[in-house]
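Summary of structural features
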2 protein chains.
Amino acid sequence: MKQKKEGKRDLIIKTASQLFQCQGYHGTGLNQIIEESGAPKGSLYYHFPKGKEEIALEAILLMKEQVLEEAQGDLNKKDSAVEAFQFHIEQIAAEFDKKMNMEGLPIGLIASETASTNEKLRCACQSAFQEWQSLYTDKLKQFGYTKEKAKELSIAINAMIEGGCILAMTSESGEPLRTIAKQLPLLLKKEE
Amino acid sequence: MKQKKEGKRDLIIKTASQLFQCQGYHGTGLNQIIEESGAPKGSLYYHFPKGKEEIALEAILLMKEQVLEEAQGDLNKKDSAVEAFQFHIEQIAAEFDKKMNMEGLPIGLIASETASTNEKLRCACQSAFQEWQSLYTDKLKQFGYTKEKAKELSIAINAMIEGGCILAMTSESGEPLRTIAKQLPLLLKKEE
DNA sequence: TCTAAATTATAACGATTGGTCTACATAATA
DNA sequence: TATTATGTAGACCAATCGTTATAATTTAGA
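So, a few notes on the structure that sits alongside this text. Computed from a predicted model, the values in this text were never measured in an experiment. (Residues numbered from 1 in each chain as written. Chains lettered and ligands numbered in written order. Predicted model: local features only at pLDDT ≥ 70, side-chain atom pairs only at ≥ 80, totals over all residues. Heavy atoms only, no water.)

Further remarks concern the relation of the copies chain A and chain B. Each of the two chain copies can be generated from the other by rotation about an axis followed by a shift along it. The two copies are related by a screw motion: chain A maps onto chain B through a turn of 180 degrees and a shift of 0.0 Å along the axis, at an RMSD of 0.0 Å. Put plainly, the chains are arranged around a two-fold axis. Residues of chain A ranked by C-alpha distance from the rotation axis are headed by Gly-163 of chain A, positioned 2.0 Å from it. Looking at the interface residues of chain A, 100% of them are also at the interface in chain B, so both copies use one shared face. (Least-squares fit on C-alpha atoms with pLDDT ≥ 70 in both. Contact = heavy atoms within 4.5 Å.)

This is the structure:
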């Protein structure tokens, strides 16, 4: 009952999330979401009466949660800030080396294509970025950085990862992200 | 003659370039390009018989050239790598503070939304990134970095700027880019 | 078992999309 | 001026888009 109810709706969100990361909001049509999720078209509007935008808002939440979860896990595995963030970025890089699944750009793609035309989606994306950056800030503070510095670095790291994912997608390789990870010892160097 | 010939065609490319940076390839329709450029629809297919993709390829070249020109100019104005790149990034940040014009994401947006579905566009974007990175590499070498280090840093800087533009668009402010510029002294610190 | 609610199937809709085509207009050249 | 080359206007097309609506089917609960 409850399991089946959550199934189709969640399947749509999950599939939409993946497609939006790879092709963007405008480049992904509802028919493709339906086909790839296996969900019925009648269900789409039943579950999401406000249509495509509503699906996108849910997809953005899912992207945010997924990255939060992965980042949390990765950042908890190491004892220093440099190692932790390098590990996290290298995990992302590894995803781009798998030829089977095309990896995408979480949040950043849908954010940049809709920022100027859809205020709801822009706000949802901004919220997601803020949460990611809060996690990074908290982690950096735990590693001994001042609140101010942690805040700045979380923005820089977020930008680097988003930009790195763009380069990875464009070059079809995780290499740019690994290059970025390699610069972290300097970027995160604590000043005396 | 030649002036008028270049006029409409270039106007289409310029307008398309701007719209693709703000809304992406799929989020921009040909009718909007025509309306905003003032060019005639008959001319669109006259000048670009291969259609939308052909316009996009030209738009990508223009984006590349515009950023190359700006970066070249900015980077030539300062005596140290840190100052030069900070200046360049701060110039970009300032563009996002102008409320009149919505600023976009050159190359990165069209790259990320088409990387998995359009090989020609992906390759054109990859080419553009390579040229930007080559300029950064050359400049860093001039400032005394080893070839190896210069190459790595050019990738990291490119990623930071692209990612920073995404954050700027999403937050409707140049502030994330200024925060990024502030991290450059450490990132570009020369190791002894 | 029956009833109500939830979900699905499917056709249709209006709008927009990128593209084609033809006649006409304008500019350039001899 | 006449001819050629270049460019424009605007109608049309098929396909796709996101959405609506209704009937049918399935599920859940009493």
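Our next topic: helix α9 (residues 175–182) of chain B. Note on helix geometry: an α-helix contains 3.6 residues per turn, so any two residues three or four positions apart are oriented the same way. Looking only at α9 of chain B, the buried set comprises Pro-176, Leu-177, Thr-179, Ile-180 and Ala-181 of chain B. In this structure, the buried side of α9 of chain B is in contact with α8 (147–171) of chain A together with α5 (81–96), α8 (147–171) and α10 (184–187) of chain B. (Buried < 20%, exposed > 50% of the residue type's maximum accessible area, 1.4 Å probe, protein only. Helix = DSSP H or I, 4+ residues; strand = E, 2+ residues; numbered from the N terminus.)

Next up on the list: the side chain of Lys-64 of chain B. Residue and element names in this part refer to chain B. Relative to the elements of secondary structure, Lys-64 occurs in helix α4 (residues 52–75). By relative accessible area, Lys-64 is classed as buried at 8%. With near-sequence residues (within four places) excluded, Lys-64 lies in contact with Ile-107, Ala-128, Glu-131 and Trp-132.

As a rule of thumb, soluble globular proteins bury nonpolar side chains together. In this structure, Phe-20, Ile-107, Leu-140 and Leu-188 of chain A together with Phe-20, Ile-107 and Leu-140 of chain B are the most contacted members of the largest nonpolar core, which totals 129 residues. Not counting residues within four places of it along the chain, the set of residues in contact with Ile-107 of chain B comprises Ile-60, Met-63, Lys-64, Cys-125, Ala-128, Phe-129, Trp-132 and Glu-162 of chain B. (Core = buried A, V, L, I, M, F, W, Y, C linked by side-chain atoms within 4.5 Å.)

Residue and element names in this part refer to chain A. Looking at where Met-63 falls in the secondary structure, it is placed in helix α4 (residues 52–75). Owing to a relative accessible area of 1%, Met-63 belongs among the buried residues under this scheme. Here the alpha-carbon distance between Met-63 and Ile-12, two residues 51 residues apart in the chain, equals 13 Å. In contact with Met-63, other than residues within four places in its own chain, are Ser-17, Phe-20, Gln-21, Pro-106, Ile-107 and Trp-132.

For the rest of this paragraph, the subject is the pattern of salt bridges. Counted under the stated rule, the structure contains 18 salt bridges over all chains. With its nearest N and O atoms 2.9 Å apart, the salt bridge here joins Lys-64 of chain A to Glu-131 of chain A. Here Lys-64 of chain A is found in helix α4, whereas its partner Glu-131 of chain A is found in helix α7 (residues 119–142), with 67 residues between them in sequence. The closest approach of N and O atoms between Glu-58 of chain B and Arg-9 of chain B, which form a salt bridge, is 3.6 Å. Of this pair, Glu-58 of chain B sits in helix α4 while Arg-9 of chain B sits in helix α1 (residues 2–23), and the two are 49 residues apart along the sequence. According to the relative accessible area criterion, Glu-58 of chain B is partly exposed, its value standing at 25%. Linked through salt bridges whose partners overlap, the residues forming this network are Lys-64, Glu-65 and Glu-131 of chain A. (Salt bridge = Lys/Arg side-chain N within 4 Å of Asp/Glu carboxyl O.)

Glancing now at unusual backbone geometry. Residues and elements named next belong to chain B. For Ile-107, which is not glycine, the phi torsion reads 65 degrees and is therefore positive. Of note in this structure, Glu-172 is not a glycine but carries a positive phi near 55 degrees. With respect to the secondary-structure elements, Glu-172 resides in the loop between α8 and α9. Classification of Glu-172 as partly exposed rests on a relative accessible area of 34%.

Once that is clear, we can look at the packing of aromatic side chains. Residues and elements named next belong to chain B. The full count for this structure, using the stated rule, is six aromatic pairs over all chains. Between Phe-85 and Tyr-136 the ring centres are 5.6 Å apart and the planes differ by 75 degrees, which places this aromatic pair in the edge-to-face class. Separated by 51 residues along the polypeptide, Phe-85 in helix α5 and Tyr-136 in helix α7 (residues 119–142) bring together distant segments of the chain. By relative accessible area, Tyr-136 is classed as buried at 2%. The ring of Tyr-25 has Lys-52 lying over it, and the distance from NZ or CZ to the ring centre is 4.7 Å. (Phe/Tyr/Trp six-rings, centres within 6.5 Å; stacked < 30°, edge-to-face > 60°. Lys NZ or Arg CZ within 6 Å of the ring centre and 35° of its normal.)

Attention now moves to the interface of chain A and chain B. Contacts between the two partners involve 46 residues from chain A, matched on the other side by 46 residues from chain B. With both chains or domains summed, chain A and chain B bury close to 3,800 Å², and 68% of this area falls on carbon and sulfur atoms. The interface formed by chain A and chain B holds four salt bridges in total. The salt bridge partner of Lys-182 of chain B is Glu-152 of chain A, with a shortest N-O separation of 2.6 Å. Inspection of the chain A/chain B interface yields twelve residue pairs in polar contact (both at pLDDT 80 or more). No other element matches the 16 residues that α8 of chain A contributes to the side of chain A that touches chain B. In terms of residue class, the side of chain A that touches chain B is made up of 20 nonpolar, 16 polar and ten charged. (Buried area = accessible area lost by both parts, 1.4 Å probe. Polar contact = N/O pair within 3.5 Å; in protein donor to acceptor, adjacent residues only side chain to side chain. Nonpolar A, V, L, I, M, F, W, Y, C, P; charged D, E, K, R; others polar.)

Here the focus is the environment of Glu-69 of chain A. All names here are of chain A. By the element assignment, Glu-69 lies in helix α4. On the basis of relative accessible area, Glu-69 is assigned to the exposed category, the value being 62%. As for Glu-69 and Asn-118, which are separated by 49 residues in sequence, their C-alpha atoms are 27 Å apart.

All right, on to the state of the cysteines then. Within the structure shown, the criterion is met by zero disulfides over all chains. This cysteine, Cys-123 of chain A, is not joined by any disulfide, and Cys-125 of chain A carries the nearest cysteine sulfur, 9.3 Å off. A residue is classified by how much of its surface remains accessible, and Cys-123 of chain A, at 37% relative accessible area, is partly exposed. Here Cys-22 of chain B is not disulfide-linked; the sulfur of Cys-165 of chain B is the nearest cysteine sulfur, at 11 Å. By relative accessible area, Cys-22 of chain B is classed as buried at 12%. (Disulfide = S-S within 2.5 Å.)

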